[in-house]
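# Structure at a glance
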Amino acid sequence: MEKLSFVGKSITRVDAEEKVTGSAIYGYDLVLPDMLYGKVLFSTRPHAIIKRIDTEKARRLPGVHAVVTGKDAPWTHGETIKDMPFLAQGKVRFVGEPVAAVAAVDEDTAQAAVALIEVEYEDCPAYFSPEEACNPGAVLIHEDYDSYRKSDIIVPGPLPNILEHFKLRTGNVEAGFRESDLVLEQRYVVPAIGHAALEPHSAHAQVDPESGKVTVWVANDAPFRVLHETAEALGLPKEKIRFINPYQGGGFGSKGAMKVETIAIALAYQTNGRPVRVKFNRAETFVSTITRHEAIVYIKSGVKRDGTLVARQVRIYWGAGAYAEKSPTVCIKGSHPSPGPYRIPHVQVDGYAVYTNKPLAGAFRGYGVPQTAWACEQHMDELAQRLGMDALDFRLKNVFVDGDLSYWGERLQSVGLKETLLKATEAIGWGKKTGQSNPPKGIRIGKGFACIAKPTRTPTTSTAAVKIDSRGDVMILAGTVEIGQGCTTILSQIAAEELQVPIDKVRMHSLDTDLIPFDASTTSSRSTYHMGNAVKRAAVKARDQITEMAASLFDTSKENLELSNGKVRVKDRREPALSFGEVICQKLGSDGVVAGDGAYTFEMGKDVDPQTGHSEHASAFYMYATQAAEVAVDEETGRVRLIRMVAAHDVGKAINPLNCVAQIEGGLAMGIGAALHEELVIDDHGRVKNPSFLDYHLVTSLDLPKMETIIVECPDPNGPYGAKGLGEPGLAPTPAAIGNAVANALGTRIYELPLSPERVYWAIQTSKKNPSPSVSAEPVVSNPTSFR
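Residues numbered from 1 in each chain as written. Predicted model: local features only at pLDDT ≥ 70, side-chain atom pairs only at ≥ 80, totals over all residues. Heavy atoms only, no water.

## Brief notes about the packing of helix H10 (residues 369–387) against helix H11 (residues 391–398)
The axes of two packed helices give the description: the angle between them and the distance between them. Where H10 meets H11, the closest approach of the two axes is 9 Å, and the angle between their N-to-C directions is 110 degrees. In terms of orientation, H10 lies roughly perpendicular with respect to H11. Residues Glu377, Met380, Asp381, Leu383, Ala384 and Leu387 of H10 form the contact with H11, whose own contacting residues are Ala391, Phe394 and Arg395. In the contact of H10 with H11, the residues fall into six nonpolar, no polar and three charged. (Axes fitted to C-alpha atoms, helices over the stretch in contact; angles between N-to-C directions. Helix = DSSP H or I, 4+ residues; strand = E, 2+ residues; numbered from the N terminus. Parallel < 35°, antiparallel > 145°, perpendicular 65-115°, else oblique. Contact = heavy atoms within 4.5 Å. Nonpolar A, V, L, I, M, F, W, Y, C, P; charged D, E, K, R; others polar.)

## Here's the deal with the environment of Val540
Along the polypeptide, Val540 turns up in helix H14 (residues 527–554). Taking the C-alpha atoms as reference points, Val540 and Ala427, separated by 113 residues in sequence, lie 41 Å from one another.

## A word on the pattern of salt bridges
Two side chains of opposite charge can pair, provided their charged atoms sit close to one another. Taken as a whole, this structure holds 47 salt bridges when the rule is applied. With a shortest N-O distance of 2.9 Å, Glu377 and Arg395 are connected by a salt bridge. Of this pair, Glu377 sits in helix H10 while Arg395 is found in helix H11, placing the two residues 18 residues apart along the sequence. Exposure remark for Arg395: the relative accessible area of 0% places this residue in the buried category. One salt bridge connects Asp469 with Arg471, and the closest N-O pair in it is separated by 2.9 Å. (Salt bridge = Lys/Arg side-chain N within 4 Å of Asp/Glu carboxyl O. Buried < 20%, exposed > 50% of the residue type's maximum accessible area, 1.4 Å probe, protein only.)

## A look at the domain arrangement of the protein chain
A common measure of how large an interface is: the accessible area buried when the components associate. By the assigned domains, the protein chain splits into domain 1 (16–23 + 460–601), domain 2 (31–124 + 199–249 + 254–288) and domain 3 (291–399 + 406–457 + 607–775). Computed from C-alpha atoms alone, the centre-to-centre distance between domain 1 and domain 3 is 39 Å. Listed as interface residues are 22 residues of domain 1 and, on the opposing side, 23 residues of domain 3. Together domain 1 and domain 3 conceal approximately 1600 Å² of surface at their shared face, both sides included; 54% is due to carbon and sulfur atoms. Summed over the three residues of domain 1 that lose the most area to domain 3, namely Ser524, Ser525 and Tyr529, the buried surface amounts to 39% of that side. There are zero salt bridges connecting domain 1 and domain 3. Going through the elements one at a time, helix H13 (487–499) and H14 are the ones with two or more residues in the side of domain 1 that touches domain 3. When grouped by side-chain class, the residues that make up the side of domain 1 that touches domain 3 number five nonpolar, 13 polar and four charged. (Domains from an automatic or database assignment. Buried area = accessible area lost by both parts, 1.4 Å probe.)

And the structure:
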């Protein structure tokens, strides 16, 4: 095995000092010279025609420099469906939609001006459930949907308000059900939740009055993608758009498309070259950016008596909210693996992304997999129970292993799932008595686990450059955004490994689309794999130039040289080594720079077929994980307390093991919150009732149990040093593992998240034949369980 100097080591994060000392500048902190302050008027109606907007009083207020509405900013944008205006045009589609905006000398003046704007509405029918919104005869939320610009991946649905219909077809599910000994169908519900990043949303924009160039300062996950989206919306060449990324104080998917950016740009066009800052407060961030998709999942499965899975049919309604945003790709990437990481000969999946009159839904850590895992993995446990099989044995009989042909037609490799399954269940003591042999009266102890496979966005491209100057300092130019996940450290370790330079000699260039080579996005857990490969290749090219110049200076061949500690020397010679800086100075002069470039694209073997969902290689790599939970449930109050959790993740190769542990533990914390507490409560008028950290219950340190992290390394042959991705799977199986543990404790199953004390309490009462109309704890079974 190759000996590595930096890769595989738990090196302290290279950005740690500036962050813990407070010197790091985040987007929300940024103050530009002579800037104006923007504030927004939001819709108070969930679905209405705008009859009149009167802005005259606002325009006359002293200190106001600009007031804009949809008429002043007649642009629309969208990644896959171009359906969203910069500001509402003609109608509003959710409570919280930006209708008008003001730029003024300070925030107080801007807010006072917003209060002076008058809007008259004419209400339209509103829909707050994706199932309700796509019923035949439902009023269209987007009357012009057919005329919108759409990307090639879009498959319109057969019913009203369906913006994307994902289909996967393998075998014949009806024949599979006829062959089965047990057929079970259930319904699961996952609510919308907020991203709750510590830093709310903000953006600064400036339009140069002479050149017309638009510059935006924003902490965005995908600066090159939003650059393209902005250029398309404004009708400008890409050279006229520039995005500069300050540090991001967390995003979890919420800061990947345009939200506040559009408002700042619309105002900046009216301020004669002065920059404009628009900052959302916490409530505005909750309501007017994006949420995680609510999902209603129906699963019907057929199995043999011996536990062999025969057929699975999945139908998912994804609540997209008022505009498409990333719903089409969440629908595709979330629905595709929804039958679970199992060998199933007959599969049918229908995923529907549906417009509603709720706040927008978009990317969220896990990209749809947490919602479908909640359904699939609970379904697996109940199937095992009905069969009289152990839940672990049932999964081991069906789970993906190396060489399997998946139900979407791909031959799988580098599958570490079985190892994660065995290690997580062993660590939690599955099949063994709980450590709390005599719990207090009324406390029920249970264990559960869940496993997942998650794809990454494919195909995508990352490009990078690595430069070495005459001081021997190394600069990485890469479009990967540091969103707290540690990419700056990971990419520095890779460059240091290939160049054999001390880690403190490596720096990442600040992210500016005018200066940095292209990267698709910092999403989908793709950065270590894609950008890691690009940086590795760029570093190798820079290294080759150094060794070529050094060989000339030493009068030897490159093969006789070795690198160590930022120096190059001749093997088996006693003459002094030369530092990289000395080599560059002697060959290129004191201003000399060596530069290497690198790029990485994983091309699919075959595009996903829109009618069957099949592909020879649908994902560059897959992420596999199993998590297990032990819980204590109070029968009197319904409170679920976590005793411990185990997470086993196949990372391919841990570039930085400590960083891997931190990612997994952070994901566990988010997953625990989603399982036990989190839900955006929206009333019958479309208003979010809990848009603050006071009312929106996030997990705290008091909620967290003992956590054990197990790193499994099943190397990917195409990943840098064998590495895969890791950022998203940390929370994907967590709610399902906890749900299975609660069912194990109580002997009754709950099909809707979160597992709040109220919901659990009423499930207990229902199981005691004392049903409550407030909460349905039983599944909707359209085809009763039956043995044949």
